[in-house]
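# Chain and residue survey
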Amino acid sequence: MWRRPLRRTPAGSAARREPPPSLPLPSDELFAVLERELLKGPVAHGWPDQTWTLSRINTLIGRRFHKSYTVQGVAALLREHG
């Protein structure tokens with residue numbers, strides 16, 4: 001069979017998986033650079049209107065810092081820094 005068999009765990013033990021590793025959060029200095037870029041507005045970065053979306057912020061992070069986050073990761077990043 002092409003699938004791997006499920007591993008059996010001993011009775012009474014909880015089978016816990018490790019969460020996948022995530023990218024480290026940017027330093028306060030790098031986040032300050034991101035804030036300055038965001039203050040320039042979306043039009044300055046090539047979008048046709050003045051609406052920041054998580055997807056656009058994610059694209060900006062990729063272009064400026066060469067890092068790839070998920071949209072949920074961008075939301076968490078913004079929450080983390082207020």
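Residues numbered from 1 in each chain as written. Predicted model: local features only at pLDDT ≥ 70, side-chain atom pairs only at ≥ 80, totals over all residues. Heavy atoms only, no water.

### Considerations on the packing of aromatic side chains
Rules: Note on ring pairs: Phe, Tyr and Trp rings are taken, using the six-membered ring of Trp, and paired if centres are within 6.5 Å. Classes follow the plane angle, with under 30 degrees stacked, over 60 edge-to-face and the rest tilted. Exposure categories follow from relative accessible area, calculated using a 1.4 Å probe and restricted to protein chains: below 20% of the type maximum is buried, above 50% is exposed, and the middle band is partly exposed.
Evaluated as defined, the whole model comprises one aromatic pair. A ring pair is formed by Trp-47 and Trp-52, whose centres lie 5.8 Å apart and whose planes are at 70 degrees; its orientation type is edge-to-face. Judged by its relative accessible area of 16%, Trp-47 is buried.

### Quick notes on empty space enclosed by the protein
Note the following rule: Think of a 1 Å grid over the protein atoms and nothing else: a 1.4 Å probe that fits but is trapped marks a cavity, an open set flanked by protein within 12 Å on at least five of seven lines marks a pocket, and residues with an atom within 4 Å of a point count as lining. Grid points are joined across faces, edges and corners, and a volume is the space filled by probe spheres set on the points. Comment: elements are numbered from the N terminus, with helices defined as DSSP H or I runs of at least four residues and strands as E runs of at least two. Each residue is assigned to one class: nonpolar for Ala, Val, Leu, Ile, Met, Phe, Trp, Tyr, Cys and Pro, charged for Asp, Glu, Lys and Arg, and polar for all the others, Gly among them.
One pass over the structure, following the stated rule, counts one cavity of 30 Å³ or more. Looking at the largest cavity, its volume works out to about 70 Å³. Every residue along the wall of the largest cavity is listed here: Pro-26, Leu-30, Phe-31, Leu-34, Ile-61, Phe-65, Lys-67 and Tyr-69. Mapped by element, the contributors of at least two residues to the lining of the largest cavity are helix 1 (28-40) and helix 2 (54-65). Considering every element that reaches the lining of the largest cavity, the biggest residue donor is helix 1, with three residues. For the lining of the largest cavity, the per-class residue count stands at seven nonpolar, no polar and one charged.

### Brief notes about the side chain of Arg-56
As a reminder, the rule being used: Contacts: residue pairs with any heavy atoms within 4.5 Å of one another.
Positionally, Arg-56 belongs in helix 2. Overall, the relative accessible area of 15% leaves Arg-56 in the buried class. Every residue in contact with Arg-56, bar those within four places of it in the chain, is listed here: Pro-42, Trp-47, Pro-48, Asp-49 and Thr-51.

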